[in-house]
Amino acid sequence: RKFPDDFLFGTATASYQIEGAWNEDGKGENIWDYMTHNNPTVIKDVSNGDIAADSYHNYKRDVEIMRELSLDAYRFSLSWSRILPTGMANEVNPAGIEFYNNYINEMLKYNITPMITLYHWDLPQKLQELGGFANPYISDWYADYARVVFENFGDRVKHFITFNEPREICFQGYGSTTKAPILNSTAVGTYLCAKHLVIAHAKAYYVYDNEFRPTQGGQCGITISVNWFAPYTDSDEDHFATEIKRQSEWGLYAHPIFSSEGGFPKEFSQRIAEKSAQQGYAKSRLPEFTAEEKALVQGSSDFFGVNHYTGYLISATQNKVENPVPSMPDDVDAGTIVPEEWPKSASTWLTLAPNSILNALTDLKERYNNPIFYITENGWSTPPETGLDDDMRGTYYRTALESVLDTLDAGVNLKGYMAWSLIDNFEWMQGYAERFGLYSVDFEDPARTRTPRKSAFIYKHIVSNRFIDHTY
Ligand code: BGC
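Quantities reported herein were computed from a predicted structural model and do not represent experimental measurements.

**Overview of the overall build of the chain**
On a plain count of helices and strands, the chain comes out with 16 helices and 13 strands. Expressed along its principal axes, the backbone C-alpha trace of the chain runs to roughly 55 × 55 × 45 Å. Residues counted as buried form 61% of the 472 residues belonging to the chain. Taking the intrachain contacts of the chain between residues at least 6 apart in sequence as the baseline, contacts between residues at least 24 apart amount to 76%.

**Observations regarding the sheet that holds strand β3 (residues 113-119)**
The sheet built from 8 strands closes into a barrel, its strands ordered β1-β2-β3-β4-β5-β7-β10-β11 with parallel pairing. Averaged over all pairs of adjacent strands, the angle between their axes in this sheet comes to 25°, without regard to strand direction. Across the face of the sheet, helix α8 (residues 166-173) comes into contact with β3, β4 (159-164) and β5 (219-225) while running at roughly 45° to β5. With respect to the sheet, helix α16 (residues 454-465) is in contact with β1 (8-12) and β11 (414-419), its orientation differing from that of β1 by roughly 155°.

**As for the packing of helix α10 (residues 236-258) against helix α14 (residues 356-367)**
Packing of α10 against α14 brings their axes to within 14 Å, and their N-to-C directions diverge by 85°. With respect to α14, the element α10 is oriented roughly perpendicular. Between α10 and α14, the contacting residues are Glu243, Arg246 and Trp250 on the first element and Asp363, Leu364 and Arg367 on the second. Broken down by class, the residue content of the contact of α10 with α14 amounts to 2 nonpolar, no polar and 4 charged.

**Topic: the pattern of salt bridges**
One pass over the structure, following the stated rule, counts 35 salt bridges. With its nearest N and O atoms 2.7 Å apart, the salt bridge here joins Arg1 to Asp406. Highlighted residues: Arg1 in the segment before β1 and Asp406 in helix α15 (residues 391-409), separated in sequence by 405 residues. Judged by its relative accessible area of 26%, Asp406 falls in the partly exposed class. When the shortest N-O distance is used, the salt bridge between Arg147 and Glu211 registers 2.8 Å. Here Glu211 lies in helix α9 (residues 189-216) and Arg147 lies in helix α7 (residues 138-153), a separation of 64 residues in the sequence. On the basis of relative accessible area, Arg147 is assigned to the partly exposed category, the value being 27%. On the accessibility criterion, Glu211 (39% relative accessible area) is partly exposed.

**With respect to α7**
Look at α7: 22 Å from first C-alpha to last across 16 residues, which is about the 22 Å you get at 1.5 Å a residue. Among all positions in α7, only Ile138, Ser139, Trp141, Tyr142, Ala143, Tyr145, Ala146, Val148, Val149, Phe150 and Phe153 are buried.

**Some remarks on the site of the ligand**
Taken together, 13 residues lie around the ligand, and Gln17, His120, Glu165, Glu427 and Trp428 are the ones closest in. The contact in question runs from an oxygen atom of the ligand to an N or O atom on the side chain of His120, over 2.8 Å. Within the contact set of the ligand, an oxygen atom lies 2.9 Å away from a side-chain nitrogen or oxygen of Glu377. Alone, the ligand offers 310 Å² of accessible surface; in the complex the protein occludes 94% of this. Residue classes in the shell around the ligand are distributed as 6 nonpolar, 4 polar and 3 charged.

**Overview of the nonpolar core**
Counting 151 residues, the largest nonpolar core has Trp32 and Tyr417 as the members making the most contacts within it. Counting residues per element, this core draws most heavily on α9, which supplies 13 residues. With residues near it in sequence (within four places) discarded, Tyr417 still touches Phe7, Leu8, Phe9, Gly10, Ile375, Asn378, Tyr397, Ala400, Leu401, Val404 and Tyr459.

**Description of the pairing of strand β8 (residues 311-315)**
Most of β8 is tucked away, with 5 of its 5 residues classed as buried. The alternating pattern of β8 places Gly311, Leu313 and Ser315 and Tyr312 and Ile314 on opposite faces, both of which are buried. Sheet topology places strand β6 (residues 228-231) next to β8; 4 bridges connect them, and they run parallel. Residue pairing across strands places Phe229 opposite Tyr312, the latter belonging to β8. Examined bridge by bridge, β8 and strand β9 (residues 335-337) share 3 bridges and lie antiparallel to one another.

**So, the side chain of Ser81**
Within the secondary structure layout, Ser81 lies in helix α4 (residues 80-83). Relative accessible area serves as the criterion here: at 0%, Ser81 is assigned to the buried category. Filtering out sequence-adjacent residues up to four positions away, Ser81 remains in contact with Gly26, Lys27, Gly28, Glu29, Asn30 and Pro124.

**Observations concerning the packing of α10 against helix α11 (residues 266-278)**
When two helices pack together, you describe them by how their axes are tilted relative to each other and by the distance separating the axes. Interaxial distance between α10 and α11 falls to 8 Å at its minimum, and their mutual angle equals 95°. Judged by the angle between their axes, α10 and α11 are roughly perpendicular. Of the residues in α11, those in contact with Phe240, Ile244, Gln247, Ser248 and Leu252 of α10 are Lys266, Glu267, Phe268 and Arg271. Along the lines of polarity and charge, the residues of the contact of α10 with α11 split into 4 nonpolar, 2 polar and 3 charged.

**Looking at the environment of Glu366**
Topologically, Glu366 is positioned in helix α14. Take Glu366: its relative accessible area is 61%, and that puts it in the exposed class. Spatially, the C-alpha atom of Glu366 lies 9.5 Å from that of Val412, the residues being 46 residues apart in sequence.

**As for unusual backbone geometry**
Glycine aside, residues mostly have negative phi, and peptide bonds are mostly found in the trans state. Going from Ala180 to Pro181, the amide bond is cis rather than trans, its omega being 10°. Even without glycine at this site, Asn369 takes up a positive phi of about 60°. Within the secondary structure layout, Asn369 lies in the loop between α14 and β10 (373-377).

Calculation notes
- Each residue is numbered by its place in its chain's sequence as written, counting from 1.
- At least 70 in pLDDT is required for a residue's local features to be given in this predicted model, at least 80 for side-chain atom pairs to be given and counted, and no such filter applies to totals for whole chains, interfaces and linings, which use all residues.
- Side-chain figures throughout are based on the complete set of non-hydrogen atoms in the structure, without hydrogens or water.
- By definition, any uninterrupted DSSP run of H or I lasting at least four residues is a helix, any uninterrupted run of E lasting at least two residues is a strand, and each is numbered from the N terminus.
- Each residue gets one of three labels from its accessible area relative to the maximum for its type: buried under 20%, exposed over 50%, partly exposed in between, using a 1.4 Å probe on protein chains only.
- Pairs of residues are marked as contacts when any of their non-hydrogen atoms sit within 4.5 Å.
- Note: two strands are recorded as paired if DSSP finds a minimum of 2 bridges between them.
- Structural elements are reduced to axes, namely lines fitted to C-alpha atoms, with helices fitted over the stretch in contact, and the angle between N-to-C directions of any two is expressed from 0 to 180 degrees.
- These descriptions rest on fixed angle ranges, namely under 35 degrees for roughly parallel, over 145 for roughly antiparallel, 65 to 115 for roughly perpendicular, and the rest for oblique.
- Residues are grouped as follows: Ala, Val, Leu, Ile, Met, Phe, Trp, Tyr, Cys and Pro are nonpolar; Asp, Glu, Lys and Arg are charged; every other residue, Gly included, is polar.
- Whenever Lys or Arg places a side-chain nitrogen within 4 Å of a carboxyl oxygen from Asp or Glu, that contact is recorded as a salt bridge.
- In a helix, the anticipated span is given by 1.5 Å times the number of residues less one.
- The criterion for a residue being near a molecule or strand is simple. One of its heavy atoms has to lie within 4 Å of it.
- Two N or O atoms count as a polar contact when they lie within 3.5 Å, although within protein this holds only if one can serve as hydrogen donor and the other as acceptor, and sequence-adjacent residues are included solely when both atoms are side-chain atoms.
- In these tables, accessible area is a Shrake-Rupley quantity obtained with a 1.4 Å probe, and a residue counts as shielded only by the protein chains included in the view.
- Grouping buried Ala, Val, Leu, Ile, Met, Phe, Trp, Tyr and Cys residues that are joined through side-chain atoms within 4.5 Å yields what is termed a nonpolar core.

Here it is in structure tokens:
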């Protein structure tokens, strides 16, 4: 079995995780700068992304690594506050534009297709002070930022992704304390963010569609994290709990954009409304869309970007949240089970779940009318001690890519696959304690030297031969 010739193989990264240069050349402060500087102990190893892999100064070496890996494409994100230091479009930072121009041009020189994510979690701090994604005006500020991006880079970049992972932005950042801005607004934060974020996505999509697509001719989509959830037993209760879990994790963001019904997913919306009433709220904690907003959002994506890592079994009765407060986990009201025999990574949430790519993508294909898909992230973590001998990462990629071939065989319209990640980087709350790179980065070395791991050779072999040789 072979991958099609036009299948895009790449890797992915994100600005805050690799760039460093946090206050150089006019860049403004973002919410990760602010949180790691003012609240350093929230990061496991009390580190930050001030320097990270220093890709701001090493971008040519990064492009050289892309060539070493024989990549077709590279997905990276733009730092909003490097381009617009205050977040607002009245003040554009020329050095920020120049940096990304150099980066893009370097890729194009070697025929590597750049894929831009406009937002991978690093909101300008000034916009957070105005409420960030809890403020409905975020959609206008975001659309203004998107216009600056399309205007400056759209002549050469043909793949734009508005947001990376709404669930992680909204649930982790607003509804809990596991990502900046650690708001912990459990009852309403996640849901306010969800509504404003999908509207922001749609406004940016129409900026592209109306003002730029006619001359630039590219595509604009969104990336949602879709892990696979399967019922723990065959009982009706476990099946229903699993459906609610899927709706809460990715349906909340995918349904308004990709379904033929539009709006938030029905069963989960009902559940939140019921719980809100029991809890004494005057209205559901999940805001509604107006008819106009619903229509704006529906169909506003040229492709569905999927970040996929793992799978879980869902039970209506076991492992449920203890002492629930009004929150998304309480609204879901189900437990998660991970079988002992699934191989474990360095990250608590990440195991190798069998056939999870095939299962997730065939479900999405059915639910959302067969859209075009890209897998925009997929990868495995090792502890720093593992060094270069990352056999399990190699096994993970081979297994995942077999599932990708099964997915193509099943008739899913999947156009590309981006491994997470090109190089080791700042792994958010875990700092540098968990590594995802095909290349290791020496964070003790001021030069941030990059060295290929075993898995880099395996991935390169697959990418350049278009098939998976299990003996290699
Ligand atoms: C994120 C990446 C992150 C990776 C591993 C994804 O959810 O988009 O930024 O590093 O998972 O945790």
